[in-house]
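# Architecture at a glance
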Amino acid sequence: MELLETLPELLFNYILSVFSFNENSPLLFTQFHFWAFFAIVFCVFALFRNRTLLRNAYLFFVSLLFYYKTSGWFVGLLILITISDFFIAQRIYNTDSKRAKKCWLTLSVFVDLGILCYFKYAYFLTDLINQCVGTDFQVSNWAAIAGNDLVGSPVFSVDRIILPVGISFYTFQVISYTVDVFKGRVKPVTNILNFGFYVSFFPQLVAGPIIKASDFIPQLYKKYFISRRMFGLAVFWILNGLAKKIILSDYLATNFIDRVFDNPLLFTGFENLMALFVYSLQVYADFSGYTDIAIGLSLLMGFHLPANFNSPYKAPNCSNFWKRWHISLSRWLQNYLYIPLGGNRGITPATGLFLTIISAFTIVLSGSWIIAIGIALIVVVTIWFAKTHPDRHKPIYANMNSIITMLLGGLWHGASMNFLIWGGMNGAGMIVFKFWRDFSAKTRFAFIWMLTILLAVAHYYFNSPLTIILLFFVVAVDIATTIQLIWTSCGCESKFGNYAAHVWAVLFTFVFISFTRLFFRSGSNLDPAIANEVAWNTATQMVTQMGSAWNANIMPIISAYDKVFLLFIAGMAIHWIPAKSKSRYRFAFASLPLPVMALFSIVVIFIVWQFTAADMQPFIYFQF
């Protein structure tokens, strides 16, 4: 009897905890609280799923509640950006003057990027000014101070600027919307509730994908529809995402990767190397796992999100990799940065502006004027060569715009030298591939062996771990180019030869991408001092360990981490399954009878539950 009396109170308190904010327990897809939250939301959603405006308004307020559960009072920031871009887009559309349209667009971008830069780059920009001008400015959290004054209580911490979850994603999304309205690609949304829903749709709000207005806005006005197969696919994507996140990402991180990256010098060169490879699988499983769950949840509510990944580790080169990895960001950078810079047509004043900004970033983050002068000389020589060789200027300018785009893409992740290096390495990889693709087999052979000799001499004089790693890559290319030259000289062309070349290219690209992640994993988001002191040290220590002498007997290490390595091999094997085969088992699951599907789902959830850790790991891209 006493239990029956207290049951309503217990239930009420539980529901209250589901919908209230706790900074120590943000609402994650991997928590039971989220699924209780979603179940309640979906039940109410089902009552008016076909009344489009009411449905969109409801999901808008639910999304605000979700963001409040994730980031607390930073939900006010999301509301501010939503209101600002809604009304500015209206002004752009209703204004006849092109000059006025540009002014409104400039205001919108200034507000959006200004908010993003304040929260993400305040420490970096302050340090930049102090170093360039010789001042001693200190960062104050003016937004928190103003917020506390507004509400009349110390709601916000004023000690340090905290990065709101997902700010980079929804900021880029509203910028693309306003630009598309300016370009006439889409008409502005006329109801702020519909627009708010587009900006804040909770499955993809905090980690993407970044949705183009032209892809999502037409869905705002369609009635709810989900077929039997769509329901099955939605369940599949949710289960697939949970398995990726908990079985692969979290288990690999807690049992191997985090240990090595936290103390690289305590582990052997082999362990450091394997930590890089395993981290590549972890970050993919983590980010694509989030996207899979977001796609599944959206599909249950009748909305379609774009694919954000397409088996990126099947890419045979760096350019192809970025067409498969974080597709929504890659397309955003291409449409709203690379093409406005001039694309493959030429350079614009913005190209020079961004080169100046990046050089300034390099001075602050590296602390070296020599590096900045070196960059300036490279730029000057490149432009001079392009001017004196008109037949080559288009590809040269296109490559300049590509490297700027990738460097700024790196800085999008955070104000750190590590992120800048990571973006630059990816950009360089894309450019090198373009040139390499145009070389003949004999030219490739001569060039790569000459580079090998130069690196061998450099290693003899400097004895640096970095030269060992570079030699590792170059020798791998040596072997491949030598075999290819012999193969073509003999007139041997076969499907097996082409397949072998493709497999080698895929493996080499995976190794290269994994090495760039050395700097990505060691990055830091806010304070340049922390980034340079801690993150840079982590990267250099791992390079040192990988370049040091290895113990020939690695079996004890493999035995100690046998589950980790077996899981890594299994994860990569699944990743490399042909796309057609994946589609077959995906649709086979979606076509199962509902009782069988329910039983299968219970089994999967039970298996996933066995891998859960006591302390849930947040999604990696929440920090961006």
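Scroll up to find the structure.
Residues numbered from 1 in each chain as written. Predicted model: local features only at pLDDT ≥ 70, side-chain atom pairs only at ≥ 80, totals over all residues. Heavy atoms only, no water.

The subject of this paragraph is the overall build of the protein chain. When helices and strands are counted, the protein chain shows 25 helices and zero strands. Residues counted as buried form 50% of the 624 residues belonging to the protein chain. Excluding contacts between residues fewer than 6 apart, the proportion of contacts in the protein chain whose partners are at least 24 apart in sequence is 75%. Of the roughly 30,200 Å² that the protein chain leaves accessible, carbon and sulfur atoms contribute 69%. (Helix = DSSP H or I, 4+ residues; strand = E, 2+ residues; numbered from the N terminus. Buried < 20%, exposed > 50% of the residue type's maximum accessible area, 1.4 Å probe, protein only. Contact = heavy atoms within 4.5 Å. Areas by Shrake-Rupley, 256 points an atom, 1.4 Å probe, with all protein chains shown as cover.)

Another point: the pattern of salt bridges. In this structure the tally under the stated criterion is four salt bridges. A salt bridge links D292 to K244; the nearest nitrogen and oxygen atoms lie 2.9 Å apart. Placement of D292 in helix 11 (residues 269-300) and of K244 in helix 10 (residues 228-262) is noted, with a sequence separation of 48 residues between them. In this pair, the class of D292 matches that of K244, namely buried. Among the salt bridges present, the one from D286 reaches K245, with a minimum N-O distance of 2.6 Å. Within this pair, whereas D286 is found in helix 11, its partner K245 is found in helix 10, the two being separated by 41 residues in sequence. One exposure class covers both D286 and K245, and it is buried. (Salt bridge = Lys/Arg side-chain N within 4 Å of Asp/Glu carboxyl O.)

A few words now on the packing of aromatic side chains. Inspection of the entire model under this criterion finds 59 aromatic pairs. Look at W35 and F38: their rings are 6.3 Å apart centre to centre, the planes differ by 80 degrees, and that puts the pair in the edge-to-face class. With a gap of three residues between them, W35 and F38 both fall in helix 2 (residues 32-47), about one helical turn apart. The partly exposed category is assigned to W35, whose relative accessible area is 24%. Judged by relative accessible area, F38 falls into the buried class, the value being 7%. Seen in terms of ring centroids, Y67 and Y170 are 5.8 Å apart; in terms of plane orientation they differ by 85 degrees. Their pairing is edge-to-face. In this pair, Y67 sits in helix 3 (residues 52-71) while Y170 sits in helix 7 (residues 167-183), placing the two residues 103 residues apart along the sequence. Accessibility classification places Y67 together with Y170 in one group, the buried group. Over the ring of W412 we find K120, and its NZ or CZ is 5.0 Å from the ring centre. The ring centre of W325 lies 4.5 Å from the NZ or CZ of R517, which sits over that ring. (Phe/Tyr/Trp six-rings, centres within 6.5 Å; stacked < 30°, edge-to-face > 60°. Lys NZ or Arg CZ within 6 Å of the ring centre and 35° of its normal.)

On to the environment of H413. Position of H413 among the secondary structure elements: in helix 16 (residues 393-413). A polar contact of 2.8 Å, which involves the side chain of H413, links it to the backbone oxygen of G409. (Polar contact = N/O pair within 3.5 Å; in protein donor to acceptor, adjacent residues only side chain to side chain.)

Glancing now at the nonpolar core. By size, the foremost hydrophobic cluster in this structure holds 156 residues, and its most contacted members are F34, Y177, Y198, F216, F256, Y313 and W325. Among the elements that take part in this core, helix 11 stands out by supplying 20 residues, more than any other. The contacts of F216, once residues within four sequence positions are left out, are F197, Y198, F201, I211, F303, H304 and L305. (Core = buried A, V, L, I, M, F, W, Y, C linked by side-chain atoms within 4.5 Å.)

Here we take up the packing of helix 10 against helix 23 (residues 562-575). Viewed as axis vectors pointing N to C, helix 10 and helix 23 meet at an angle of 150 degrees, and their least axial separation amounts to 10 Å. Here helix 10 lies roughly antiparallel to helix 23, going by the angle between them. Between helix 10 and helix 23 lies a crossing of left-handed hand. Packed against helix 10, whose contacting residues are I247, L248, Y251, L252, N255 and F256, the element helix 23 presents K563, V564, F565, L567 and G571 at the interface. (Axes fitted to C-alpha atoms, helices over the stretch in contact; angles between N-to-C directions. Parallel < 35°, antiparallel > 145°, perpendicular 65-115°, else oblique. Left-handed = near helix turned anticlockwise from the far one by under 90°.)

Attention now moves to helix 23. Under the 1.5 Å per step criterion, the end-to-end length of helix 23 is 20 Å for 14 residues, consistent within 8% with the ideal 20 Å. Buried within helix 23 are the following residues: V564, F565, L567, F568, G571, M572 and H575. Down the axis of helix 23, the buried side of the element spans an arc of 160 degrees, and every buried residue falls inside it. The outward face of helix 23, more than 90 degrees from its buried face, is lined by the exposed residues K563, L566 and I569. (Expected span 1.5 Å × (residues − 1). Arc of directions from axis to C-beta.)

Let us now look at unusual backbone geometry. Notably, S311 is not glycine yet its phi reads approximately 45 degrees, a positive angle. Structurally, S311 is set in the loop between helix 11 and helix 12 (318-324). In this model, H326 sits at a positive phi of 45 degrees, which is unusual for a non-glycine residue. In this fold, H326 is placed in the loop between helix 12 and helix 13 (327-341).

Among the structural elements, T70 can be located in helix 3. Residue class for T70 comes out buried when judged on its relative accessible area of 9%. A polar contact is formed between the side chain of T70 and the backbone oxygen of F66, at a distance of 2.9 Å.

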